[in-house]
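# Residue-level structural notes
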Amino acid sequence: MKIVTKSFLRYLPRRLSLSLLQLMGVACGVAAVVGMTMSAITALASFTKAVEFLSGKATHSMQRPAGPTEESALAGLARDPAVVRFSPVIDRRLRLANGDLVRFLGVDPFLDRAIRPEIADAEVRPAKDNAAGALSFLLDDDAVLIDKELARQLQLSSGSLLQTTRGALRVIGTFSNPSGEPLVLMDIAHAQKLFTLNGFVDRVDLILADESGFRGRWEEGFLIQSGRQRSAAFSAMLGAFRLNLEALSLLALFVGVFLIYNTAMFAVLNRRRDTGILRSLGARRYEIIAAFVTEILILGFIGGALGGIIGYFLTRFLTALIGTSITDLYFFLRPEPSAWSNWILFAGVALGCGASMLGGALPLLEIVRTDPAKALSGRVAGRQSGRNAHRTSLAGLLILAVSTVLLILPRTHIYVGFAGVFGFLIGVSLLTGSVLVAIHPGLRWVLGRVGRLPGKVAAGNIRQNLGRTAVAVAAFMVALSMSVGLGSMIGSFRQSLVWWMESQLQGELYIGKIGEADVPESFYEEVKKMPGLGGADPYRNVQVLYRDVPVYVASVDASVVQRFTHFGWLKGGNENWEQVKRGGVVISESFSRRFGIKSGDTMTLHGAHGPAEFRVGGIFYDYTTEHGLLMMDRSTFLRVFGDHTINSLAAFIDPDNPHRLELIQEIKKKAEARGLPVQTQSQLRASILKVFDNTFAVTRSMRALAIVVAFFGIAGALLTLFMERRHDFGIYRALGFSTGQIATMTLLEGLGMGAVSYLLSMGAGTILAVLLINVINLRSFNWTIFFYPELGPYAWTAITALVASLGAAAYPIWKVCRTYPQMQIREE
Amino acid sequence: MAEPVIRVIDLWKDYADDLTNAPALRGSSLEISAGEVVALFGKSGSGKSTLFNLIAGLDHPTKGRIEVEGQDLELLGEKGRTNLRRFRLGFVFQFFNLLPTLTAFENVFLSLELAAKPDAAVARDALKEVGLAGKEHRYPNELSGGEQQRVAIARAIVKRPSIILADEPTGNLDTATGNQILDLLTHRCRESGTTLVMATHASFTCRYADRILRMVDGIVVEETSGEVLAR
Ligand SMILES: Nc1ncnc2c1ncn2[C@@H]1O[C@H](COP(=O)(O)OP(=O)(O)OP(=O)(O)O)[C@@H](O)[C@H]1O
Ligand SMILES: [Mg+2]
């Protein structure tokens, strides 16, 4: 090895603690990116796979636009010349006794064989006392097949009972399920009984020979989708969520690269003097660059590989979180974390090396261009660095200006919004140098007050080493801003949601559960007639297609809702319901923004009897779906879609009704008699908030990651400064500073930088929150979140900043105390 | 008279961009011929190190012209200046500037490696000559100031350059060792016809020189009176 290179590499073991910190910096950065991106990809891929598996070999599917489809249509399908194969399906969710929700399919085993052969190949091993064998699937009305993975998880085998909220089901066999989604299978006739769906199926899966002919005969009143349309509709459903994951991956990339960048930059800055010596001995620029690149690549390589491994383990955790969110919000999914592959290592190494090179490049170029004499004179002197800082700030302002333009440009792609947000963060981070120069006198005063002479020296050190401290403060500030910004955004969103719940969820009791337990119409009639009850709202929420994309239609009793709730309207008040009573609709903000439909407009939906026109009576704030929700009166809904399903029933009681409590008890009793789940208003609200919190678990993980990054950023910076100035410390001691004073000085440097970073992040984080709310959320979800300033994120971030600064200063202080009294004065 | 190996014409160097301080060099000129041993004598702060840095191409002058071996440094470009330092020039820094992560031996060997004549024996001999036999494997922070200075001198002479610029080569040495080193340095240079320029504020250094230049407040004047030697 060339001695030039050797002279660089020897630093790695020599400054082991710093090297390890740098390594961890790179590793954390890479882990964040690998973990986030991989779990997003895995979750989305498993989603696609589950969709594919469920549609099997079907080319098309057919169903009523809303709600279940009459069995009577099947006879016609059997005779239709275009139909090669058809299989009616009941597709529901079933809650197991342990609380898990699994997908439940009811199929006709003979008809379905052609569509989903995997299921037909199930290994049926009937219990000994049952001679019926495979036939028991048809004969026993509690017989189910479950997929092997689920059987393994629940330790079930043929003959055991699967406990569910709809009673115990007998497992008679298992089948292999490549999609990884837990699946329970039952004969369709028994399934109809189990879900009280006599005479109805959810859809019919078809293999068609002549699509256009078929459509011509059946399109009226039915929704016919090709496999491609179906999966397109499914993906569209996940669109905003996918975007959100992408944003988080990008965020991870940004944070990760920023950390690695800083790490590499410090590594280069540390070699300033050595570079000067080598150049003065006649080493060529490329020889020095080669030595640097070797060092950086070693850090990038090991750190990247380590990060890949950590990221892989992070994936296992994040994938489950994402799976839970998708399940809560869209589609039942339990993604398997992807298996280990050497590609992960490769990607980690590539990322680690790439980002390190990126981080090292600029300072490296700067250093090899500096005249050796200047490089030899050591750290950049104060005045000079001040000038550099102002030049950097100018660039920062320029980037901020560009970002502002990107952010206020109307109707651009969401990626432009992302670019604007990241630009904002970069721009702000470039301003730190000037800020440090500007606030130096103040900082000196404060630190001087706190720590007397060592405090003043600490303030001076922060100013003198601007090249390093500004970078460290910038990195720390960005991480803290992320924490403040994400925290405020989530907090505001949660507050908005609470406000929304207060405006819409005014019922005393909610009976039934969407997607799990529907409410029989007879029960609705029974409750409605109860004397003293203020009103009952039969709520139905179903996905339909509008302009070929999925949206949701809800049917309500408009007069009840008008009387008992006070929706948050964009314009007007509860008089907006008048239009609904007359057969119109009200739409959610997301619907309005997504399709550009305003109050007073007319829109068309495809109903069971062909197209139907609606007049829009008002627009309300809503956070239940970003796809758009429209509400109509139940009478209108029945007329247009003929769907009598009731997903849940809300019971309203006048607050001053003297028999309120008795009424509540009575309804509860009635519901329980029918085995219907009942939730009180506060229970429902709590469960909604729980889903909300689950949804943001991933975001919160990213926030935690940002904090880890912050820690490594500031710790690396402090340690570097410390290493460089061990020599100075010796001098301070020689001048009569006590060990305690030097420790105070180090501590105050850390705290001073932490405090400046925190102060900056309060501003930058608030702006970030506003951008996330008004640009990113508005554009990707089409809904308005109201900004609620909260103390929480700021306080939490302050604690983080304090702990991180203390933690970062701890090691140098320990070193100071340990090396007492023989501090290095000699030139290292 | 032969073409001078070093020629400096009206050299100015102003460190500060603002005009608060007087320039470090204010129109220095000098000519040094091949094989000469010259002492540059001057008070602290008179601009000796500044001048050396400029001659070695480590820094850029504010104004003026430097020719080394007949070539204008500015016209040589970065690559040419690097090659000059690499093959033709030995530099002994006032503050040694050893690489902290390399041993004494490696610091010396580095110089050979850069000059494309890596030979471990030569490096060891050079260290022996400066009296550091047995300390080859110490790191700079394990050497005394004077020992570090001797490593720096070994590093400069080992590649047998045609010019050596030595900034305070004996600043950290006791008189006996200092004389020994100066003896070695001047002897080596005279023997091989190497041009040697030494910056110093110690008069005994001047005794080893063929010629003495005097630096006063950024201007070089020829020493004729023998005043230095008389002291
Ligand atoms: N990097 C610098 N920036 C600003 N001024 C400098 C710089 N280096 C040197 N000077 C100033 O230039 C003048 C000459 O400095 P120089 O180092 O050349 O003196 P010197 O003759 O080598 O002194 P000494 O004998 O003490 O080494 C001094 O006044 C010094 O303050
Ligand atoms: Mg000097």
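Conventions used here
Residues numbered from 1 in each chain as written. Chains lettered and ligands numbered in written order. Predicted model: local features only at pLDDT ≥ 70, side-chain atom pairs only at ≥ 80, totals over all residues. Heavy atoms only, no water. Helix = DSSP H or I, 4+ residues; strand = E, 2+ residues; numbered from the N terminus. Buried < 20%, exposed > 50% of the residue type's maximum accessible area, 1.4 Å probe, protein only. Contact = heavy atoms within 4.5 Å. Areas by Shrake-Rupley, 256 points an atom, 1.4 Å probe, with all protein chains shown as cover. Lys, Arg positive; Asp, Glu negative; His and termini not counted. Charge placed at Lys NZ, Arg CZ, Asp CG, Glu CD. Pairing = 2+ DSSP bridges. Axes fitted to C-alpha atoms, helices over the stretch in contact; angles between N-to-C directions. Disulfide = S-S within 2.5 Å. Core = buried A, V, L, I, M, F, W, Y, C linked by side-chain atoms within 4.5 Å. Donors = N, O, S within 2.8 Å, 3.2 Å for Na, K, Ca; no water. Buried area = accessible area lost by both parts, 1.4 Å probe. Salt bridge = Lys/Arg side-chain N within 4 Å of Asp/Glu carboxyl O. Polar contact = N/O pair within 3.5 Å; in protein donor to acceptor, adjacent residues only side chain to side chain. Parallel < 35°, antiparallel > 145°, perpendicular 65-115°, else oblique. Left-handed = near helix turned anticlockwise from the far one by under 90°. Nonpolar A, V, L, I, M, F, W, Y, C, P; charged D, E, K, R; others polar. pLDDT = per-residue confidence, 0-100. Near = heavy atom within 4 Å. Domains from an automatic or database assignment. Phe/Tyr/Trp six-rings, centres within 6.5 Å; stacked < 30°, edge-to-face > 60°. Lys NZ or Arg CZ within 6 Å of the ring centre and 35° of its normal.

## Remarks on the overall build of chain A
In terms of regular secondary structure, chain A is built from 30 helices and 21 strands. A burial count over chain A gives 59% of its 828 residues as buried. Taking the intrachain contacts of chain A between residues at least 6 apart in sequence as the baseline, contacts between residues at least 24 apart amount to 82%. Carbon and sulfur atoms form 61% of the exposed surface of chain A, whose accessible area is close to 32900 Å². Where the 82 positive side-chain charges of chain A centre and where its 64 negative ones centre are 15 Å apart.

## Some details on the sheet that holds strand β20 (residues 648-652) of chain A
All names here are of chain A. The nine strands are arranged β17-β18-β16-β19-β15-β14-β20-β13-β21 in an open sheet whose pairing can be described as mixed. In this open sheet, the two edge strands, each paired with only one partner strand, are β17 (602-607) and β21 (678-680). Strand-to-strand twist of the sheet, defined as the mean angle between neighbouring strand axes without regard to direction, takes the value 30°. Relative to β20, strand β13 (residues 509-511) is paired through three bridges, and the arrangement is antiparallel. Residue pairing across strands places I511 opposite L649, the latter belonging to β20. Its contacts with the sheet put helix α26 (residues 681-695) on β13 and β21, and the angle it makes with β21 is roughly 90°.

## Considering the state of the cysteines
The tally for this structure, following the rule as stated, stands at zero disulfides over all chains. With no disulfide of its own, C28 of chain A lies 17 Å from the sulfur of C353 of chain A, the closest cysteine sulfur.

## Comments concerning the nonpolar core
Across soluble globular proteins, nonpolar side chains show a tendency to be buried alongside one another. By size, the foremost hydrophobic cluster in this structure holds 123 residues, and its most contacted members are M36, F254, I322, F424, M482 and M753 of chain A. Of the residues forming this core, the biggest block, 20 residues, is contributed by helix α19 (residues 466-504) of chain A. In this structure, L84, L127, A152 and M198 of chain B belong to the second largest nonpolar core, which totals 84 residues.

## Points about the coordination of the magnesium ion (ligand 2)
Residues and elements named next belong to chain B. S49 (OG) and Q94 (OE1) make up the full set of protein donors to the magnesium ion (ligand 2), lying at 1.9 to 2.2 Å. With S49 in helix α1 (residues 48-55) and Q94 in the loop between β6 (89-92) and α3 (104-114), this residue pair connects regions lying 45 residues apart in the sequence. Note on Q94: relative accessible area 27%, which makes it partly exposed.

## A word on the interface of chain B and chain A
Each partner contributes to the interface: chain B provides 32 residues, whereas chain A provides 30 residues. Regarding the contact of chain B and chain A, the summed buried area is about 2900 Å², with carbon and sulfur atoms giving 53% of it. Broken down residue by residue, the surface that chain B buries against chain A is led by P100, T101 and N141 of chain B, which jointly contribute 20%. Between the two partners, chain B and chain A, sit five salt bridges. Linking E78 of chain B and R285 of chain A is a salt bridge whose minimum nitrogen-to-oxygen distance equals 3.8 Å. Our enumeration of links across chain B and chain A arrives at twelve residue pairs in polar contact (both at pLDDT 80 or more). Elements represented by at least two residues in the side of chain B that touches chain A include exactly α2 (73-88), α3 and α5 (145-157) of chain B. Broken down by element, the side of chain B that touches chain A gets its largest block of residues, six residues, from α2 of chain B.

## Some points on the pairing of strand β10 (residues 219-222) of chain B
Where strand β9 (residues 211-216) of chain B and β10 of chain B come together, four bridges link them in antiparallel fashion. Bridge pairing links V216 of chain B to I219 of chain B in β10 of chain B.

## A look at the packing of α19 of chain A against α26 of chain A
A pair of packed helices can be characterised by two numbers: the angle between their axes and the separation between those axes. Residue and element names in this part refer to chain A. Two elements in contact, α19 and α26, have axes whose closest approach is 11 Å; the angle formed by their N-to-C orientations is 155°. Looking at the two axes, α19 sits roughly antiparallel to α26. Note on packing geometry: the crossing formed by α19 with α26 is right-handed. Together, I490, F493, R494, L497, V498, W500, M501 and E502 of α19 and R685, I688, L689, F692 and D693 of α26 make up the contact between the two elements. Residue classes in the contact of α19 with α26 are distributed as nine nonpolar, no polar and four charged.

## Here we look at the packing of helix α3 (residues 16-55) of chain A against helix α14 (residues 342-369) of chain A
Residues and elements named next belong to chain A. Axis separation between α3 and α14 bottoms out at 10 Å; the angle between their running directions is 130°. In this view, α3 runs oblique relative to α14, as classed from their interaxial angle. Where α3 crosses over α14, the handedness of that crossing is right-handed. Residues V26, V30, V33, V34 and M38 of α3 lie in contact with α14, whose contacting residues are I344, G348, L351, G352 and S356.

## A word on the side chain of D643 of chain A
Residue and element names in this part refer to chain A. Relative to the helices and strands, D643 resides in the loop between α24 (634-641) and β20. Overall, the relative accessible area of 3% leaves D643 in the buried class. Within the structure, the side chain of D643 is placed 2.5 Å from the side chain of T645, a separation counted as a polar contact. Excluding residues that lie within four positions of it along the chain, D643 makes contacts with A66, G67, P68, R540, F637 and L638.

## Describing the pairing of strand β1 (residues 60-63) of chain A
Side-chain direction in a regular strand flips from residue to residue, so the side chains alternate between the two faces of the sheet. All names here are of chain A. Burial along β1 is two-sided: the residues H60 and M62 and S61 and Q63 are all buried. Pairing of β1 with strand β11 (residues 203-208), which is carried by three bridges, proceeds in the antiparallel orientation. If you follow S61 over to β11, its bridge partner there is D205. Where β1 and strand β12 (residues 223-226) come together, four bridges link them in antiparallel fashion. Looking across to β12, one finds that Q63 is bridged to L223.

## Quick look at the confidence of the model for chain A
Close inspection of predicted coordinates is inappropriate for parts of the model with low pLDDT. Scored by pLDDT, chain A has a mean of 84; 95% of the residues are at 70 or more. Segment residues 823-828 of chain A: pLDDT under 50, and 25 contacts once partners within four positions in sequence are set aside and those in other chains are kept.

## Topic: the environment of F711 of chain A
Residues and elements named next belong to chain A. Within the fold, F711 resides in helix α27 (residues 697-724). As a C-alpha pair, F711 and V473 span 238 residues in sequence and 11 Å in three-dimensional space. For F711, the contacting residues outside a window of four places in its chain are A804, G807 and A808.

## What to know about the sheet that holds strand β8 (residues 195-200) of chain B
In a beta sheet, neighbouring strands are held together by backbone hydrogen bonds and run either parallel or antiparallel to one another. Residue and element names in this part refer to chain B. Spatial ordering of the open sheet is given by β6-β7-β8-β3-β9-β10, a layout of six strands whose pairing is mixed. Of all strands in the sheet, those bounded by a partner on one side alone are β6 and β10. Sheet twist, expressed as the mean angle between neighbouring strand axes with direction ignored, is 20°. Packed on one face of the sheet, α5 meets β6 and β7 (163-167) and runs near 175° to β6.

## Side note on the site of ligand 1
All names here are of chain B. The full set close to ligand 1 counts 13 residues, and S44, G45, S49, T50 and Q94 are the nearest of them. Backbone polar atom of G45 to an oxygen atom of ligand 1: 2.8 Å apart, as the coordinates give it. Separating an oxygen atom of ligand 1 from a backbone N or O atom of S46 is a distance of 3.3 Å. Relative to its free-state accessible area of 630 Å², ligand 1 is covered by the protein chains to the extent of 58%. In the shell around ligand 1, the residues fall into two nonpolar, eight polar and three charged.

## Examining the domain arrangement of chain A
Frequently, the measure chosen for interface size is the accessible area removed from exposure when the parts meet. Structurally, chain A comprises domain 1 (1-62 + 224-382), domain 2 (66-220), domain 3 (427-503 + 682-828) and domain 4 (513-676). Here the C-alpha centre of domain 3 of chain A lies 56 Å away from the C-alpha centre of domain 2 of chain A.

## Considerations on the packing of aromatic side chains
Residues and elements named next belong to chain A. Under the criterion given, the structure shown has 32 aromatic pairs over all chains. Seen from their ring centres, F493 and Y623 are 5.8 Å apart, and the 65° between their planes marks the pair as edge-to-face. With F493 in helix α19 and Y623 in the loop between β18 (610-620) and β19 (629-633), the pair connects residues that are 130 residues apart, well separated along the chain. Grouping residues by exposure puts F493 and Y623 together as buried. Clustering of aromatic rings is evident, with ring pairs tying together F493, Y623, F692, F696, F781 and W783. Directly above the ring of F222 sits R64, whose terminal nitrogen or CZ lies 4.0 Å from the centroid. Sitting over the face of the ring of Y11, R271 holds its NZ or CZ atom 3.9 Å from the ring centroid.

## Quick notes on the pattern of salt bridges
All told, the structure shown has 41 salt bridges over all chains when counted by the stated rule. Among the ionic pairs, E578 of chain A bridges to K581 of chain A, the shortest N-O distance being 3.5 Å. With E578 of chain A and K581 of chain A both in helix α22 (residues 577-581), this residue pair falls three residues apart, about one helical turn. A relative accessible area of 33% means that E578 of chain A is categorised as partly exposed. Accessibility expressed as a relative area gives 37% for K581 of chain A, which makes it partly exposed. Measuring nitrogen to oxygen at the nearest pair gives 2.5 Å for the salt bridge that ties D210 of chain B to R190 of chain B. Taken together, the residues span a long stretch of sequence, with D210 of chain B in the loop between α7 (203-206) and β9 and R190 of chain B in helix α6 (residues 175-192) at a distance of 20 residues. Classification of D210 of chain B by relative accessible area gives partly exposed; the value is 46%. Because the salt bridges share partners, they merge into one network encompassing D91, R103, D112, R116, R203 and D205 of chain A.

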